[in-house]
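Here is how the chains run, residue by residue.
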Amino acid sequence: MRIEADLKLGFKDVLIRPKRSTLGSRSQVSLERTFKFRHTGRSWSGVPIMAANMDNVGTFAMAAALAAQGLFTAARKHYTPEEWTAFSASLPNKGWLAHVAVSTGILESDLAKLDQVLTRQPDLSFICMDVANGYSEYFVAQIAKVRQRYPDKIIMAGNVVTGEMVEQLLLSGADIVKVGIGPGSVCTTRVKTGVGYPQLSAIIECADAAHGLSGQIISDGGCTCAGDVAKAFGAGADFVMLGGMLAGHDEGGGEILEQDGQRLVQFYGMSSRTAMEKYSGGVAEYRASEGKTVVVPYRGPVADTARDILGGLRSACTYVGAAQLKELTKRTTFIRVAEQHNPIFDA
Ligand code: 5GP
């Protein structure tokens, strides 16, 4: 046994220090970024915020709504090849397909389905290889296999939280590594297993490792407000993935429930009992669910929420004098704090 004594930090432990700036208005801030990916040499431009590949968040309706504003969606993995074809045909703008990733697990059956989707939809350029624990040798081997099979696709893979594993995934074929174990809004991994890594420190350490190899990272999970999104970018994330913050919207397609005069929508983790009963016929004997099922207030169309997040992010950039999102990290100084917002009028 060994203890690492330096304190690891989450979003709640820091604030961003304001800096003198020549920017007159937040309208002068550009949130668009262009990335070139290490394995494919392809590039992508857009606002690097993405919807998580979860039920009621990573839906096709979400993908269309977010792509219209330049954002990205990792589609939930349970869509069939036929549904992908219908989605692709329904898009008013074919360029929006560059703002969607097809998600896959790593079983042979998952990869066979991936093949069917990509054969029918060759215009899709992003693959999201998603497992709860990205530390397994089998995962690494499957990334290498997918890289070999699709030399021109951009592969996002995760999740991990430490630099050495980011390097391993990049060297095995991933272009972008997804970072986060345990911070999610409906995640119970830390409670069930005692395993995890505070997200801000994970981003700082993993971004450093990835950028050294010309790779990118996605900060996945743990954002509770636009300020956290700004902190994630400030810490060095290239992309930020959101689940809970994008739950409860029309585009998620969840049933709207009425409870005590309030309109609510169900939201659940992809390793929750709800998800396992839906897709795997229940929770297998040897495992525990590592996700929660909750209800969140119904929030209408996602466009308003997205605008709110982008507004907050633009404002964060103005406070530190970053004219472009790209400059936010180098203009960020975090201060460690023992308080965040004033809760006096919180519900
Ligand atoms: P959020 O933005 O809601 O805080 O986090 C979203 C992320 O939580 C997802 O992208 C995914 O990585 C993670 N996640 C989703 N479902 C589950 C689950 O059932 N268990 C765990 N441990 N993590 C989950």
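If you're wondering where the values come from, they're calculated on a predicted model, not measured in any experiment.

## Comments concerning the sheet that holds strand β11 (residues 239-242)
So, step 1. Strand order in the closed barrel formed by eight strands is β4-β5-β6-β7-β8-β9-β10-β11, and the pairing between neighbours is parallel. The sheet shows a mean angle of 25° between the axes of neighbouring strands, taken without regard to direction.
So, step 2. In the packing of helix α5 (residues 163-172) onto the sheet, contacts are made with β8 (154-160) and β9 (176-179), and the angle to β8 comes to roughly 155°.
So, step 3. Contacts from helix α7 (residues 199-212) reach β9 and β10 (216-220) within the one sheet, and its direction differs from that of β10 by about 170°.

## Focus on the site of the ligand
So, step 1. In the vicinity of the ligand, 20 residues are found, and the nearest of them are Ser 185, Thr 189, Asp 220, Ser 271 and Glu 290.
So, step 2. Thr 189 places a side-chain nitrogen or oxygen 2.7 Å from a nitrogen atom of the ligand.
So, step 3. Take Gly 244: an N or O atom from its main chain is 2.7 Å from an oxygen atom of the ligand.
So, step 4. Residue composition of the shell around the ligand, by class: six nonpolar, twelve polar and two charged.

## Quick word on the pairing of β9
So, step 1. Burial of the side chains of β9 extends over both faces: Ile 176 and Lys 178 are buried on one face and Val 177 and Val 179 on the other.
So, step 2. With four bridges joining them, β8 and β9 adopt parallel strand pairing. Within β9, the residue paired with Met 156 across the bridge is Ile 176.
So, step 3. Handedness of the crossover is the feature at issue here: the chain leaves β8, passes through α5, returns alongside β9, and the resulting connection is right-handed.
So, step 4. Note that β9 and β10 share four bridges and pair parallel. Each residue of the ladder has a partner; that of Val 177, found in β10, is Ile 217.

## Here we look at helix α8 (residues 226-235)
So, step 1. Of all ten residues in α8, nine are buried; the element is thus mostly enclosed.
So, step 2. Taken together, the buried positions of α8 are Ala 226, Asp 228, Val 229, Ala 230, Lys 231, Ala 232, Phe 233, Gly 234 and Ala 235.
So, step 3. Count one or two residues on from α8 and you reach Gly 236, which has phi positive near 125°.

## A short note on the sheet that holds strand β12 (residues 256-259)
So, step 1. A sheet is described by the order of its strands in space; here three strands give the open sequence β12-β13-β14, paired in antiparallel fashion. Lying at the two open borders of the sheet, with one neighbouring strand each, are β12 and β14 (293-297). Here the strands of the sheet are splayed against their neighbours by 45° on average, with no regard to which way each runs.
So, step 2. Relative to β14, strand β13 (residues 262-268) runs antiparallel, the two being bridged by five bridges.

## A word on the pairing of β10
So, step 1. Most of β10 sits out of view: five of its five residues are buried.
So, step 2. The alternating pattern of β10 places Gln 216, Ile 218 and Asp 220 and Ile 217 and Ser 219 on opposite faces, both of which are buried.
So, step 3. The pairing of β10 with β11 spans three bridges and is parallel. Bridge pairing in β11 links Asp 220 to Met 241.
So, step 4. At this point the chain moves from β10, through α8, to the parallel β11, and the crossover so formed is right-handed.

## Thoughts on the state of the cysteines
So, step 1. One pass over the full model with this rule turns up zero disulfides.
So, step 2. Of the cysteine sulfurs around Cys 206, a residue in no disulfide, the closest is that of Cys 223, at 15 Å.
So, step 3. Distance from the sulfur of Cys 225, which forms no disulfide, to the nearest cysteine sulfur (Cys 223) is 7.7 Å.

Conventions we followed
- Numbering of residues begins from 1 in every chain and follows the order in which that chain's sequence is written.
- Under the rules for a predicted model, residues below a pLDDT of 70 receive no local features and side-chain atom pairs below 80 are neither given nor counted, while totals for whole chains, interfaces and linings still include all residues.
- Only hydrogens and water are removed before side-chain values are computed, so all heavy atoms of the structure are retained for them.
- When DSSP finds at least two bridges between two strands, those strands are taken to pair.
- Only DSSP runs of H or I reaching four residues or more are called helices, and only runs of E reaching two or more are called strands; each is numbered from the N terminus.
- To get an axis, a line is fitted to the C-alpha atoms, and for a helix only the part in contact is used. The angle between two axes follows their N-to-C directions and goes from 0 to 180 degrees.
- Contacts are assigned to residue pairs that have any heavy atoms within 4.5 Å of one another.
- A cutoff of 4 Å decides nearness: a residue is near a molecule or strand if any of its heavy atoms lies inside that distance of it.
- Pairing of N or O atoms within 3.5 Å defines a polar contact, subject to two protein rules: one partner must be a possible hydrogen donor and the other a possible acceptor, and residues neighboring in sequence count only if both atoms are side-chain atoms.
- Polar here means any residue other than Ala, Val, Leu, Ile, Met, Phe, Trp, Tyr, Cys and Pro, which are nonpolar, and Asp, Glu, Lys and Arg, which are charged; Gly is therefore polar.
- Only protein chains enter the area calculation, which uses a 1.4 Å probe; residues under 20% of their type maximum are buried, those over 50% are exposed, and those in between are partly exposed.
- A crossover gets the label right-handed when its path from the first strand over the helix to the second runs clockwise, viewed with the strands pointing away from the viewer.
- Any two cysteine sulfur atoms within 2.5 Å of one another count as a disulfide.

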